[in-house]
Amino acid sequence: GGDTLPSVTIRSASVVGPNTIELKWADLIDTSLQSYNIYRLDPASNQFNRIYTSYSILPVNPDLFQTYTDNQVHTSDSSFTYLVQAVNKCGLGTPLNMLTPHTSVNLDVSISAGTPLLSWNDYGGCTPVGGYLVERMEDYNSPSAGLSSSAVGPRVSGSEDHGKTWVARPGSAPSSTLATATFPM
């Protein structure tokens with residue numbers, strides 16, 4: 001038929017490196033699925049631009065995730081907002097205004113009286129976010145001291161840890177949904 005497919009459920013828009021965001025979404029179970037279009041918001045025009053089309057539609061399993069890695073971003077500069085649209089064999093997709101955008105977390109660290117002050121934007125697309133888990137890392141692959149969870153808003157200050165990397169992620173989002181910033185030496 002010519003009907004559009006159901007909306008795609010994005011699971012996360014995760015910062016996985018200084019120039020990389022990984023999108024994960026649940027597979028759709030539909031025999032008319034042809035592809036997925038990935039869109040990124042252009043903040044200058046406030047329009048979503050298609051950045052990739054994925055024809056990887058197998059295996060069809062709602063417990064598995066499809067992924068796309070966007071390595072054309074600078075995650076230390078800002079957050080990024082995405083949509084994933086399912087397209088059927090007739091070339092029809094759900095209208096973009098009916099899809100739920102997801103926005104990555106951008107973490108910033110500054111110094112206030114010798115103490116790191118961490119601030120970040122709210123993760124968009126997964127509501128409500130019950131808080132954020134903030135951790136200090138000795139290196140990118142091994143979290144060490146957890147700082148706190150912030151249920152009030154995206155701001156927390158910590159001890160004096162020059163040269164350490166900090167990680168923030170929404171408390172209700174997958175553990176891979178994170179942003180990092182390094183406290184200056």
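Residues numbered from 1 in each chain as written. Predicted model: local features only at pLDDT ≥ 70, side-chain atom pairs only at ≥ 80, totals over all residues. Heavy atoms only, no water.

A.B. asks: When you look at the overall build of the protein chain in this model, what are you seeing that I'm missing?
C.D. replies: Broken down by element type, the protein chain carries zero helices and 14 strands. Expressed as a percentage of its 185 residues, the buried residues of the protein chain come to 42%. In the protein chain, 58% of the contacts between residues at least 6 apart in sequence involve partners at least 24 apart. Here the protein chain has roughly 9400 Å² of accessible surface; of this, 50% comes from carbon and sulfur atoms. (Helix = DSSP H or I, 4+ residues; strand = E, 2+ residues; numbered from the N terminus. Buried < 20%, exposed > 50% of the residue type's maximum accessible area, 1.4 Å probe, protein only. Contact = heavy atoms within 4.5 Å. Areas by Shrake-Rupley, 256 points an atom, 1.4 Å probe, with all protein chains shown as cover.)

A.B. asks: What am I meant to see in unusual backbone geometry here?
C.D. replies: Outside of glycine, negative phi angles account for most residues, and trans bonds account for most peptide bonds. Even without glycine at this site, asparagine 46 takes up a positive phi of about 60°. With respect to the helices and strands, the residue asparagine 46 is situated in the loop between strand E3 (33-42) and strand E4 (47-54). By relative accessible area, asparagine 46 is classed as exposed at 56%.

A.B. asks: Would you mind going over the sheet that holds strand E5 (residues 65-70) with me for this structure?
C.D. replies: Each strand in a sheet pairs with its neighbour through backbone hydrogen bonds, running either in the same direction (parallel) or in the opposite one (antiparallel). The strand order E1-E2-E5 describes an open sheet built from three strands, whose pairing is antiparallel. In the strand order of this sheet, the two ends are held by strand E1 (10-17) and E5, each with one partner. The sheet shows a mean angle of 20° between the axes of neighbouring strands, direction not considered. (Pairing = 2+ DSSP bridges. Axes fitted to C-alpha atoms, helices over the stretch in contact; angles between N-to-C directions.)

A.B. asks: Which parts of the structure should I look at to understand the pattern of salt bridges?
C.D. replies: If charged atoms from side chains of opposite charge come close, those side chains can pair. All chains considered together, the criterion is met by two salt bridges. Between aspartate 70 and arginine 40 there is a salt bridge, and its shortest N-O distance comes to 2.8 Å. Of this pair, aspartate 70 sits in strand E5 while arginine 40 is found in strand E3, placing the two residues 30 residues apart along the sequence. (Salt bridge = Lys/Arg side-chain N within 4 Å of Asp/Glu carboxyl O.)

A.B. asks: What is the right way to read the environment of serine 78 from this model?
C.D. replies: Looking at the element boundaries, serine 78 is found in the loop between E5 and strand E6 (81-88). Between the C-alpha atoms of serine 78 and aspartate 108, which are 30 residues apart in sequence, the distance is 9.4 Å.

A.B. asks: Help me understand the sheet that holds E4, please; the structure alone is not making it clear to me.
C.D. replies: Judged by pairing direction, the sheet is antiparallel, and its four strands sit side by side in the order E4-E3-E6-E7 without closing on themselves. With partners counted over all chains shown, the strands left at the sheet margins are E4 and strand E7 (102-103), one partner each. As paired elements, E3 and E6 share seven bridges and run antiparallel to each other. Looking across to E6, one finds that arginine 40 is bridged to tyrosine 82.

By themselves, these are just geometric observations and shouldn't be taken as functional.
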